[in-house]
Amino acid sequence: MKHKSVLVLLALFCTLSSVFAAIGDTFRDDDWNYYTITNDTMPPYTCEFRSASRSTLGKTSFTIPEIVSTEIEVGEYEYLQITLNVTSVGYLAFSTGTCENNLKTIFVPGTIKTIQKKAFSNCTNLTSITLNEGVVSIGEAAFDDCSNLKNVYLPNTLEFIGKKAFYGCDNLTTMNIPKSVKSIGVYAFEGTLWYDNLCKNTDAVYINDILYDYFGSASSYKVKEGIKHINQWSFAAVRTLKSITFSNSLKSIGEEAFNGCTELISAKIPDSVEEIERGAFAGCYNLKEINIPNNLKEIKSCTFIQCLYTTKVSIPNSVTIIGDSAFLGCISLKTIVIPSSVQSIGKEAFRTYVGEESSLQEVRCYAIIPPILKSDVFFSEHDWEHRKQPMPLYVPYGSEEDYAKAMQWSNFLIKSQPKTEARLNGITYNDIAIENFDKNTYSYSVVLPWYVDEVPVVSATLIDPLSTMQVIPATQLPGDTKIVVTAQEDGKTQRIYTIHFDIQTGIESTQPAAILPTKTIRNGQVVIEKNGKTYDVLGKQIE
């Protein structure tokens, strides 16, 4: 009987899967409110509140339902009722046609996650709206021109407020911005009394840990400590700004945040930054040097487009993607260095504008596998054909053939890069190996026995036998011995390993005399005797 029940349920599920209304289908409830299905794959099914109809006529308040039902056909003249969670308020759901009549208050339940673009736009009689915990995103112009809206409560689940979300809400005086909010669109609050009060007696508006907007005219500005986000367009077209200092807590820089800051010279981005949005420094003509933070994984499209006088770009090994037009029009770059982590480079990422003369003299790419290139990354086909001299491309030793076969890379004059290996395989002191040695760890500590009074002899082995090393002994104990390793081909790349020697303390005063080592002179040499064994002053046993 149990197996039969399972089979019946399975058959019913298969039937429902085949006849259930598809995503995007619209239905209405008994009150003539319309909904659009957003998930029909498996329970719980979800839908979007699409529009209100006669259910709002004559009413001054309205509550969006949490759950609605609809019937689906499962056979000829056979129907099954399905429940759906209402998780979104749709585009233009309450705009103009309904709310301009009588609705003054609207309650949004906790099942709602998203309020779509213009959902409540131009609801001129609306005076208050309550968004319950659960709402994550408020879309573009969701409440714009709600001219009588006075009070808004935003829940602690909210993360995103779209551009012009409350634009033109002339009478909005009370609003809370929860700390959960990560992003606020441009002009989100302009034209409200609440925002006008924030702007009084200041040249920058801070909302929680977001620098929302700047409207000063200073030549330099320091962002407050603790700020995590620079909002989109916040410094756009501030042509007096020459220097910006960021807080070390900064996590992101918004879309086109500094677009058109034509006089900006200095903007050192801290390594705490994990995301820089599209066009963040576009048109910063005078930005001399661009440093990409060590935690950034993608340089997005147009981020540094038309930084005309930038002469140096430092891209760290964390970056895997360079987007379309990321450095388009950076005509002063003489060398482009692409780290080994980069896997793809977007269209026209490093190209100059048509008619502009490039200063580019060479490209160095450290990726063993040639990164995938979109069209015209460095030059157009026409530019390649009319170049007077081939452009040098330096690639890792042994990868020359792969680059010669790869699209666009094959246009370069391909050369192998000088070896830059300057690391060690191991370090010993007095023939004792350093414990837990790692070629990429450059600092070590060694505690010597209390009776050692001479600096240990340090030696090491090289990864590249043709590189060179210099051992600089400590001058005293405690002290530091350094090993300077220099790469063999370029003669410039260096790494310094440091071994700090310290002396064990407290042993003489705490150990019984019977087991303490003693110093004696044997054959004119100072030796240490302990437990029937003899050691030299460096702690090495004498046979």
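Quick caveat, the model's predicted, so the values are computed rather than measured.

The rules behind these values
Residues numbered from 1 in each chain as written. Predicted model: local features only at pLDDT ≥ 70, side-chain atom pairs only at ≥ 80, totals over all residues. Heavy atoms only, no water. Helix = DSSP H or I, 4+ residues; strand = E, 2+ residues; numbered from the N terminus. Buried < 20%, exposed > 50% of the residue type's maximum accessible area, 1.4 Å probe, protein only. Contact = heavy atoms within 4.5 Å. Areas by Shrake-Rupley, 256 points an atom, 1.4 Å probe, with all protein chains shown as cover. Polar contact = N/O pair within 3.5 Å; in protein donor to acceptor, adjacent residues only side chain to side chain. pLDDT = per-residue confidence, 0-100. Pairing = 2+ DSSP bridges. Axes fitted to C-alpha atoms, helices over the stretch in contact; angles between N-to-C directions. Salt bridge = Lys/Arg side-chain N within 4 Å of Asp/Glu carboxyl O. Phe/Tyr/Trp six-rings, centres within 6.5 Å; stacked < 30°, edge-to-face > 60°.

Draft legend 1. Spatial organisation of the overall build of the protein chain. In terms of regular secondary structure, the protein chain is built from five helices and 41 strands. Put simply, the protein chain has 543 residues, and 45% of those count as buried. Of all intrachain contacts in the protein chain linking residues separated by at least 6 positions in sequence, the fraction that spans at least 24 positions is 41%. Carbon and sulfur atoms provide 50% of the accessible area of the protein chain, an area that totals close to 27800 Å².

Draft legend 2. Expanded view of the side chain of threonine 46. Position of threonine 46 among the secondary structure elements: in strand β3 (residues 45-51). For threonine 46, a relative accessible area of 15% translates into the label buried. Side chain to side chain, threonine 46 and threonine 38 meet in a polar contact 2.7 Å long.

Draft legend 3. The arrangement of the environment of tryptophan 384 in detail. Tracing the chain through its elements places tryptophan 384 in helix α3 (residues 381-385). A residue is classified by how much of its surface remains accessible, and tryptophan 384, at 12% relative accessible area, is buried. It is 9.6 Å that separates the C-alpha atoms of tryptophan 384 and glutamine 408, two residues lying 24 residues apart in sequence. Leave out the neighbours within four places in its chain, and tryptophan 384 touches Phe378, Phe379, Met391, Gln408, Asn411 and Phe412.

Draft legend 4. Structural context of the confidence of the model for the protein chain. This prediction gives the protein chain a mean pLDDT of 86; 87% of its residues lie at or above 70. Long-range and interchain partners of residues 1-20, a stretch whose pLDDT sits below 50, account for 12 contacts in this model, where long-range means more than four residues apart. Note on residues 507-515: pLDDT under 50 across the span, and six contacts to partners over four residues away in sequence or across chains.

Draft legend 5. Layout of the sheet that holds strand β30 (residues 392-395). Taking strand neighbours across the sheet as the criterion, the four strands line up as β26-β28-β30-β31 in an open arrangement whose pairing is parallel. With one partner strand each, in any of the chains shown, β26 (335-338) and β31 (413-416) form the two edges of the open sheet. When strand polarity is set aside, the average angle formed by the axes of neighbouring strands in this sheet is 20°. By the bridge criterion, four bridges tie β26 to strand β28 (residues 362-365) in an arrangement that is parallel. Bridge pairing links valine 337 to arginine 364 in β28.

Draft legend 6. Up close: the pairing of strand β9 (residues 128-131). Burial of β9 is one-sided: the residues Ile129 and Leu131 facing one way are buried, the residues Ser128 and Thr130 facing the other way are not. Pairing of strand β7 (residues 105-108) with β9, which is carried by four bridges, proceeds in the parallel orientation. The partner of threonine 105 across the bridge, within β9, is serine 128. The pairing of β9 with strand β11 (residues 151-153) spans three bridges and is parallel. Bridging across to β11, isoleucine 129 finds its partner in valine 152.

Draft legend 7. The pattern of salt bridges, seen in detail. Scanning the model with the defined rule gives 12 salt bridges in all. As a salt-bridge pair, arginine 278 and glutamate 256 come within 3.9 Å of each other at their nearest N and O atoms. Taken together, the residues span a long stretch of sequence, with arginine 278 in the loop between β21 (275-276) and β22 (289-291) and glutamate 256 in the loop between β20 (252-253) and β21 at a distance of 22 residues. Classification of glutamate 256 as buried rests on a relative accessible area of 13%. Close ionic contact of lysine 405 with glutamate 401 constitutes a salt bridge, the shortest N to O distance being 3.1 Å. Remark: glutamate 401 and lysine 405 occur in helix α4 (residues 400-405); sequence separation between them is four residues, near one turn of the helix. Per residue, the accessibility class of lysine 405 equals that of glutamate 401, and both read exposed. Linked through salt bridges whose partners overlap, the residues forming this network are Glu348, Arg351, Asp376 and Asp383.

Draft legend 8. Focus on the packing of aromatic side chains. Scanning the model with the defined rule gives 32 aromatic pairs in all. Taking the centre distance of 5.1 Å and the plane angle of 0° together, the rings of phenylalanine 143 and phenylalanine 166 count as stacked. Here phenylalanine 166 lies in the loop between β12 (160-161) and β13 (174-175) and phenylalanine 143 lies in the loop between β10 (137-138) and β11, a separation of 23 residues in the sequence. Taking relative accessible area as the criterion, phenylalanine 143 reaches 0% and is therefore assigned buried.

Draft legend 9. Highlighting the environment of isoleucine 496. Note on placement: isoleucine 496 falls in strand β38 (residues 494-503). Taking C-alpha positions, isoleucine 496 is 9.0 Å from alanine 422, a pair spaced 74 residues apart along the chain. Setting aside its immediate chain neighbours within four residues, isoleucine 496 contacts Tyr442, Lys482, Ile483 and Val484.

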